[in-house]
Amino acid sequence: MLDKTGIAKRIAKEIKDGYYVNLGIGIPTLVANYIPETMDVVLQSENGLLGMGPFPFEGEEDPDVINAGKQTITMLPGSAIFDSAMSFGMIRAKKVNLTILGAMEVSENGDIANWKIPGKMVKGMGGAMDLVASAENIIVAMQHVNKAGESKLLPKCTLPLTGVHCVKKIVTELGVFDVLPEGGFKLLERAPGVSVEEIKNATAGKLIVEGEIPEIVI
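None of these values were measured; they are calculated from a predicted model.

Some remarks on the environment of Lys 70
Note on placement: Lys 70 falls in the loop between β3 (49-52) and β4 (75-81). Taking C-alpha positions, Lys 70 is 9.4 Å from Asn 47, a pair spaced 23 residues apart along the chain.

Overview of the sheet that holds strand β12 (residues 185-190)
Here ten strands make up an open sheet; going across it, the order is β4-β3-β2-β1-β5-β8-β10-β11-β12-β13 and the pairing mixed. On the outer flanks of this sheet lie β4 and β13 (207-208), each paired with one strand and no other. Note that strand β5 (residues 98-101) and strand β8 (residues 138-141) share three bridges and pair parallel. Within β8, the position partnered with Leu 101 by the bridge is Val 140. Across the sheet, helix α1 (residues 4-12) touches β5, β8, β10 (169-171), β11 (175-179) and β12, and the angle it forms with β8 is around 165 degrees.

Some thoughts on unusual backbone geometry
The backbone of Lys 94 sits at a positive phi, close to 60 degrees, despite the residue not being glycine. With respect to the helices and strands, the residue Lys 94 is situated in the loop between α3 (84-92) and β5. Here His 165, not a glycine, exhibits a phi torsion of approximately 50 degrees, which is positive. In this structure, His 165 sits in the loop between β9 (153-154) and β10.

Quick word on the sheet that holds β9
Pairing is mixed in the open sheet, where three strands are placed in the order β7-β6-β9. Each end of this open sheet is capped by a strand with a single partner; those strands are β7 (112-113) and β9. Pairing geometry for strand β6 (residues 105-107) and β7, over two bridges, is antiparallel. Looking at the pairing, Glu 105 lines up with Ala 113 of β7.

With respect to α3
Of the positions making up α3, those classed as buried are Ser 87, Phe 88, Met 90 and Ile 91. Taken end-on, α3 shows its buried residues confined to a sector of 150 degrees, consistent with a single buried face. In α3, the exposed positions that point more than 90 degrees away from the buried face belong to Ala 85 and Arg 92. At its buried positions, α3 is contacted by β1 (20-23), β2 (42-45), β3 and α4 (128-134). After α3 finishes, the residue Lys 94 shows a positive phi value of roughly 60 degrees.

Rules used throughout
- Each chain has its residues counted from 1, following the order in which its sequence is written.
- Per-residue local features of the predicted model are confined to residues with pLDDT of at least 70, and side-chain atom pairs are confined, for both listing and counting, to 80 or more; whole-chain, interface and lining totals are unaffected and use all residues.
- With hydrogens and water excluded, all non-hydrogen atoms of the structure serve as input to the side-chain values.
- Each helix corresponds to a stretch of at least 4 residues labelled H or I by DSSP, and each strand to a stretch of at least 2 residues labelled E; elements are numbered beginning at the N terminus.
- Whether two strands pair depends on DSSP finding at least two bridges between them.
- The contact criterion used is simple: two residues touch if any of their non-hydrogen atoms lie within 4.5 Å.
- For helices, the fitted axis covers only the stretch in contact; all axes are lines through C-alpha atoms, and the angles between them, taken along N-to-C directions, range from 0 to 180 degrees.
- Only protein chains enter the area calculation, which uses a 1.4 Å probe; residues under 20% of their type maximum are buried, those over 50% are exposed, and those in between are partly exposed.
- What the arc covers is the set of directions going from the helix axis to the C-beta atoms.

So, in structure tokens, the structure goes:
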């Protein structure tokens, strides 16, 4: 199975030269560390930064330079800092080419739930609803099952929704999946050492398997 770093490395392969990319909280923030230096990609942090770099080395952290998850980050040459109004203006105007988010659940028709578990304290909504409503391309980085071993790839989300019909691709510790417009998770790649049968058993939603499924190469 892939660990969180492996998921981030695989998602980094989806980023194309010239992209403006928003990285959500959690596993998505790790993607910044694995974008090739030869690629011209601008990372946006919704708290007001264009030009986010990788995480700083120990001892080089600046507590005033943080991402939306309050983690210390670095700024690349030419970075720009601005307020939240400008940041979400960029997002709502569809200036961001790719959004990478974490999720608690994704349904087979592309709905996403990632902001609230009923009965548990929530610090705030965050920018997830703006991101999923405005982004052209959304990739979800998530664990395939929850702590109880229950699938998080579902026929229908059970938690409060963040957005509907918006997720295009999912990368979990078990594999890579396209979310088809007509509904269903199409298995594209499987994690090294993971069988198709294991993925079927861990997926509650409609799983589509066509032909031989290659292993993920990172």
